[in-house]
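Per-entry structural report
Okay, here's what each chain looks like letter by letter:
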Amino acid sequence: MSTILKKKKAIFIVVAIVVVFTWILTFLSPEWTIRRHILMSLQPINSLKADISTTGRVDEKYGHLYNVNGYMHYPTGDELGAVYLKKLGPLWYVASVGTGP
């Protein structure tokens, strides 16, 4: 194998490790978990611009309630302003998303 191919392979592996590590870090913060969820909904600009705040409310069934301004459900035009997160060990995940609690 030539030296150029070895360098390209090494760069690809380093970039892949950085991407995977960054992806894992998004599970450690409630705000970043919500931003990742918005990004996965194919709204990259909204994932950066969304205003996220906690309400301090915790529901036994759904989890921690967060208010999100700037996350739209484009087919209906509704703003998805209520996001419930649950915690599994140190990791957060989105349990429910909707227009209101």
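Numbering of residues starts from 1 in each chain and follows the order in which that chain's sequence is written. Predicted model: local features are reported for residues with pLDDT of at least 70 only, side-chain atom pairs are reported and counted for 80 or more only, and whole-chain, interface and lining totals are derived from all residues. Hydrogens and waters are ignored; side-chain quantities use all the structure's heavy atoms.

Moving on to the packing of aromatic side chains. Paired rings are identified among Phe, Tyr and Trp, the last through its six-membered ring, by centres lying within 6.5 Å, and are further divided according to the angle between planes into stacked (under 30 degrees), edge-to-face (over 60) and tilted (the rest). Following the criterion strictly, the structure yields two aromatic pairs and no others. Ring geometry for Trp23 versus Phe27: centroids 6.3 Å apart, planes at 75°, classification edge-to-face. Taken together, a centroid distance of 5.3 Å and an interplanar angle of 35° make the contact between Tyr62 and Tyr84 tilted. Highlighted residues: Tyr62 in the loop between β1 (51-59) and β2 (63-69) and Tyr84 in strand β5 (residues 82-88), separated in sequence by 22 residues. A relative accessible area of 8% places Tyr84 in the buried class. We count a stretch as a helix when DSSP gives it H or I for four or more residues in a row; a strand needs E for two or more, and each element gets its number in order from the N terminus. Categorising residues by exposure relies on relative accessible area from a 1.4 Å probe, with only protein chains included: less than 20% of the type maximum marks a residue as buried, more than 50% marks it as exposed, and the intermediate range marks it as partly exposed.

Counting through the fold element by element, Arg36 comes out in helix α2 (residues 30-40). Think of it this way: Lys and Arg go in the positive column, Asp and Glu in the negative one, and His and the chain ends go nowhere. Criterion for a salt bridge: a side-chain nitrogen of Lys or Arg within 4 Å of a carboxyl oxygen of Asp or Glu. Among buried charged residues, Arg36 stands out as having no salt bridge; its nearest opposite-charge side chain is Glu31, 13 Å away. N or O atoms closer than or at 3.5 Å make up a polar contact, with two conditions inside protein: a donor-capable atom paired with an acceptor-capable one, and, for residues adjacent in sequence, both atoms drawn from side chains. Only 2.8 Å separates the side chain of Arg36 from the side chain of Thr26, close enough to count as a polar contact. In what follows, residue pairs with any heavy atoms lying within 4.5 Å of each other are defined as contacts. Not counting chain neighbours up to four residues away, the residues in contact with Arg36 comprise Trp23, Thr26, Phe27 and Trp92.

Right, let's get into the pairing of β1. Strand pairing is defined by DSSP finding a minimum of two bridges between the two strands. Pairing between β1 and β2: six bridges, direction antiparallel. By the bridge assignment for β2, Ser53 is matched with Asn67. Here β1 folds back onto β2, and the loop between the two strands holds three residues.

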